[in-house]
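A structural walkthrough
One-letter residues, chain by chain:
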Amino acid sequence: MKTIGILTSGGDSPGMNPAVRAAVLAAHSAGLTVFGVNRGYAGMMENDFAELSPAYVADIVNRGGTVLYSARSKEFCTEDGMTKAIANCRSRGIEGVVVIGGDGSFRGARDLSERGLPCVGVPGTIDNDIACTDYTIGYDTCLNTIADMVDRIRDTSYSHDRVMFVEVMGRGAGWLALTSAVASGATAVLLPEIEWDFDRDVLAAIRREQAQGKRYFIIIAAEGCTADGKESVDELAKRTQAATGLESRSVVLGHVQRGGIPTVRDRVIAAQMGTRAVQLLQDGIGNRVVALKAEAVVDYDIFQALKMSKSIDTKLYALVNG
Ligand code: ATP
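Residues numbered from 1 in each chain as written. Predicted model: local features only at pLDDT ≥ 70, side-chain atom pairs only at ≥ 80, totals over all residues. Heavy atoms only, no water.

With that out of the way, let us pick up the domain arrangement of the protein. We note that the domain assignment places domain 1 (3-138 + 262-310) and domain 2 (139-258) within the protein. Summing both sides of the interface, domain 1 and domain 2 together bury roughly 1300 Å²; the carbon and sulfur share of this comes to 53%. In this assembly, domain 1 and domain 2 are joined by 10 residue pairs in polar contact (both at pLDDT 80 or more). Tallied by class, residues from the side of domain 1 that touches domain 2 come to five nonpolar, six polar and seven charged. (Domains from an automatic or database assignment. Buried area = accessible area lost by both parts, 1.4 Å probe. Polar contact = N/O pair within 3.5 Å; in protein donor to acceptor, adjacent residues only side chain to side chain. Nonpolar A, V, L, I, M, F, W, Y, C, P; charged D, E, K, R; others polar.)

It is at 11 Å that the axes of helix H7 (residues 198-211) and helix H9 (residues 233-244) come closest, and there the two elements cross at 55°. Relative to H9, the element H7 is oriented oblique. For the element pair H7 and H9, the recorded crossing hand is right-handed. Taken together, the residues of H9 that come into contact with H7 (itself represented by Phe198, Val202, Leu203, Ile206 and Arg207) are Leu236, Arg239, Thr240, Ala243 and Thr244. Its residues assigned to classes, the contact of H7 with H9 comprises six nonpolar, two polar and two charged. (Axes fitted to C-alpha atoms, helices over the stretch in contact; angles between N-to-C directions. Helix = DSSP H or I, 4+ residues; strand = E, 2+ residues; numbered from the N terminus. Parallel < 35°, antiparallel > 145°, perpendicular 65-115°, else oblique. Left-handed = near helix turned anticlockwise from the far one by under 90°. Contact = heavy atoms within 4.5 Å.)

Turning our attention to the site of the ligand. As a matter of local geometry, the ligand sits amid 18 residues, with Arg72, Ser73, Gly104, Ser105 and Arg171 nearest to it. Between the ligand and Gly102, the relevant distance is 2.9 Å, taken from an oxygen atom to a main-chain nitrogen or oxygen of the residue. A distance of 2.9 Å is found between an oxygen atom of the ligand and a backbone nitrogen or oxygen belonging to Gly104. Burial of the ligand by the protein chains amounts to 83% of its free accessible area of 630 Å². Judged by the proximity of its atoms to the pocket grid, the ligand belongs to the largest pocket. The element contributing the most residues to the shell around the ligand is helix H4 (residues 103-114), with six residues. Classifying every residue of the shell around the ligand by side-chain character gives four nonpolar, nine polar and five charged. (Near = heavy atom within 4 Å. Areas by Shrake-Rupley, 256 points an atom, 1.4 Å probe, with all protein chains shown as cover. 1 Å grid on protein atoms, 1.4 Å probe; cavity = no way out; pocket = protein on both sides within 12 Å on 5 of 7 lines; lining within 4 Å. Sits in = over half its atoms within 2 Å of the grid points.)

Our next topic: the sheet that holds strand E3 (residues 49-51). An order of E3-E2-E1-E4-E5-E10-E11 is seen for the seven strands of this open sheet, with the pairing classed as mixed. For this open sheet the edge positions go to E3 and strand E11 (296-301), each flanked by a neighbour on one side alone. On average, each strand axis in the sheet is inclined to that of its neighbour by 25°, with strand direction left out of account. Pairing of strand E5 (residues 119-123) with strand E10 (residues 288-293) involves two bridges; the strand directions are parallel. Of the residues in E10, the one forming a bridge with Gly121 is Val289. Packing of H4 onto the sheet brings it into contact with strand E4 (96-101), E5 and E10, and relative to E5 it is tilted by some 170°. Strands strand E1 (3-8), E4, E5, E10 and E11 of the sheet are contacted by helix H10 (residues 264-282), whose axis makes an angle of about 145° with E10. (Pairing = 2+ DSSP bridges.)

To continue, consider the packing of aromatic side chains. Considering all chains together, one arrives at three aromatic pairs under this definition. Centre to centre, the rings of Tyr135 and Tyr139 are 5.9 Å apart; their planes meet at 70°, and the pair counts as edge-to-face. By relative accessible area, which is 4% here, Tyr135 ends up buried. Above the plane of the ring of Tyr216 lies Lys214, whose end atom (NZ or CZ) is 5.0 Å from the centre. Lying over the aromatic face of Phe198, Arg239 brings its terminal NZ or CZ to 4.0 Å of the ring centre. (Phe/Tyr/Trp six-rings, centres within 6.5 Å; stacked < 30°, edge-to-face > 60°. Buried < 20%, exposed > 50% of the residue type's maximum accessible area, 1.4 Å probe, protein only. Lys NZ or Arg CZ within 6 Å of the ring centre and 35° of its normal.)

This part is about the pairing of strand E8 (residues 217-222). In terms of residue burial, E8 counts as a mostly covered element, since six of its six residues are buried. Residues of E8 alternate between two faces, with Phe217, Ile219 and Ala221 on one and Ile218, Ile220 and Ala222 on the opposite face, all of them buried. The pairing of strand E6 (residues 163-168) with E8 spans six bridges and is parallel. Pairing of Phe165 across the sheet is with Ile219, part of E8. In the sheet, strand E7 (residues 188-190) pairs with E8 via three bridges, with the strands oriented parallel.

If you want it as structure tokens, here you go:
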């Protein structure tokens, strides 16, 4: 293999840039030419490529977001879209592609690999919702942002004896909510993976802590429990105020969770995973996903990786809602 491509796809996450940097430097050391594909699969179809040199990535290790931009593309999922994307790669001599993104992006990587363009996936998403890996790039930075925001919310909740509901990201997954709830000493956490009950998991938890002398309460809700037409954190706060008499408010943290300087953990794992992805392509191995298992960087067949499942950590859950 002489030339490879690299793209970032799906939701952006802090740590995508250090992964791009590592892949470009590993490829350069191996004598490979690297093309960056702007805006993920959309850019691959629309012929939006730029050659990447070590100088291009010299200043991105500490930058959040992705310098390659990211996008979602329905057209790419069609046979026509993929044919266009592959033709654009072939016209530049690209023989393999590093795809940094989530499960959806890996499905695209699988489809390209099946059509003769070997791809290696690198898990980049704040949600930590990719089954084959213990860790996804961006998760740690996002958790630190949430913990920082909740600390600020705590100051004001403490000062006014309030109940505060905080909705955090994660789409259908509760990893961000669970881990940030433990880190923030939350009164309760609501997760999409575990059935919850307002009286048992919210009101009783508040009353339990009240009996111990606590006067303010933080409840973390995963967006999978309270967004998209479900009972919102604002509605939960109103119900709580009515039931307890405690002043209750809500905040949806939103996109602030996606940005920011990647933490050391994200940068180091990104460096390891980005390098591993290039090594695989260099050895002519495609259709793989790089993963972290028990702190070791490993890789799996994409088909197998997409069939795996990952369950929420119930011991961690018991630390909050136990
Ligand atoms: P995140 O969950 O963090 O946002 P993701 O990679 O799962 O990341 P998606 O929007 O699901 O984000 O997918 C990114 C892109 O991958 C899609 O816009 C689409 O172009 C491509 N893709 C998604 N699913 C498929 C599929 N089943 N087959 C081919 N390509 C797909």
